[in-house]
Amino acid sequence: QSSKQPQDLWIADITWKNPETDQYLKQLAKDGWRIFWADHHAIAIDKSERDVKEIGLTGWVASDKYSAARLLFDYMVSHEDKIGKANQALLEFQKVVLLADDNDRWIHNISGSRELALTVAALSGIDAYHELVHIDSNVNYSSKMRDAYRKASEELSESVSLAYRTKVDKKIDGFEIKIVAALCNGFPSEVADTLRKDFKNAIFVLFNLKDQRLSLRRSPECNVNLDRLAQQFGGGGHPAAAGFDLVEKSGHFQRYLIGRIEESLKRL
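Residues numbered from 1 in each chain as written. Predicted model: local features only at pLDDT ≥ 70, side-chain atom pairs only at ≥ 80, totals over all residues. Heavy atoms only, no water.

Participant: Any chance you could explain the pairing of strand β5 (residues 177–184) here in plain terms?
Facilitator: Side chains on a regular strand alternate between the two faces of the sheet. Bridging between strand β4 (residues 168–172) and β5 involves five bridges; their strand directions are antiparallel. Residue pairing across strands places V168 opposite A181, the latter belonging to β5. Strand direction decides the pairing type here: β5 and strand β6 (residues 202–208), joined by seven bridges, are parallel. Considered in β6, the bridge of A182 is made with L206. (Pairing = 2+ DSSP bridges. Helix = DSSP H or I, 4+ residues; strand = E, 2+ residues; numbered from the N terminus.)

As structure tokens, this is what we get:
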């Protein structure tokens, strides 16, 4: 519910589809709220500029040039006219933002970006938030972060092993690409990052046992837009990393097993 006292509202790394959300944000703007929005997903970029302006946002940026974290950071340090001069604490957070951007866009050109992402994934949401807020400008890990990284590394190793045991690959005629499908138990990005050492020009389809969702990743040579591909299944994401769910997957393997056992029982 809207507060009687107007406040600043920041929306990052998320885009709404429901027209009712547009109306709600318009009302907040009319009530004196300052609303800022930054996102890099395709659904954000595809939004009509006219529709966005009609909401009455104080400031916004929708671009796939960087991750939402970096878009937001760059906006905050370059719009002194709207939000004031960036304080020292924010400026010292730049290295964290660059590491997050490097990993989120799956570039991995900055040393430490994979490790930081792995560490954050191992911490609960609020714990990760507190650890990052208090981290120094050189991104030196706290003891809690080091413990989380060690635990995550062990879990990742198990997930990678599962993927290698279950992987199936097929070269797709007419596309000159290979699709690699496998199971994983968490860390789909990191698992795909390991698999791509053995596959060139490939799309990785990983079924994550932890959340029962499918993740798409690609090798550096592959130029397929995975966001567009995932949208065909009702999902989405980024050009190099996306995800979706399949309703029909529920019980599919179990029904297959039942069918096979049923056939065998009839032969007894």
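Participant: Help me understand the side chain of E131, please; the structure alone is not making it clear to me.
Facilitator: Take E131: it is sitting in helix α9 (residues 125–133). As a buried residue without a salt bridge, E131 has its nearest oppositely charged side chain in K144, at a separation of 4.6 Å. Once you skip the residues sitting within four places of it in the chain, E131 turns out to touch L123, S142, K144 and M145. (Buried < 20%, exposed > 50% of the residue type's maximum accessible area, 1.4 Å probe, protein only. Lys, Arg positive; Asp, Glu negative; His and termini not counted. Salt bridge = Lys/Arg side-chain N within 4 Å of Asp/Glu carboxyl O. Contact = heavy atoms within 4.5 Å.)

Participant: What is the right way to read the packing of helix α4 (residues 68–78) against helix α7 (residues 94–104) from this model?
Facilitator: The angle between the axes and the distance between the axes are what describe a pair of packed helices. Running from amino to carboxyl end, α4 crosses α7 at an angle of 145°, the nearest separation of the two axes being 8 Å. Two secondary-structure elements touch here, α4 through A69, R70 and F73 and α7 through Q94, V97, L98 and D101. For the contact of α4 with α7, a count of residues per class yields four nonpolar, one polar and two charged. (Axes fitted to C-alpha atoms, helices over the stretch in contact; angles between N-to-C directions. Nonpolar A, V, L, I, M, F, W, Y, C, P; charged D, E, K, R; others polar.)

Participant: I'm lost on helix α8 (residues 113–122) in this one. Help?
Facilitator: In an α-helix there are 3.6 residues to a turn, and that puts residues three or four apart on one side. Listed as buried for α8 are S113, L116, A117, L118 and T119. On its buried face, α8 sits against α7, α9, α10 (143–166) and α11 (188–195).

Participant: Please explain a nonpolar patch on the surface as it appears in this structure.
Facilitator: Together, I126, Y129 and V133 line one region of the surface with nonpolar side chains, adding up to about 310 Å² of accessible area. According to the relative accessible area criterion, V133 is partly exposed, its value standing at 45%. (Patch = residues over 30% accessible without salt bridge, like charges linked within 9 Å, V, L, I, M, F, W, Y side chains within 5 Å. Areas by Shrake-Rupley, 256 points an atom, 1.4 Å probe, with all protein chains shown as cover.)

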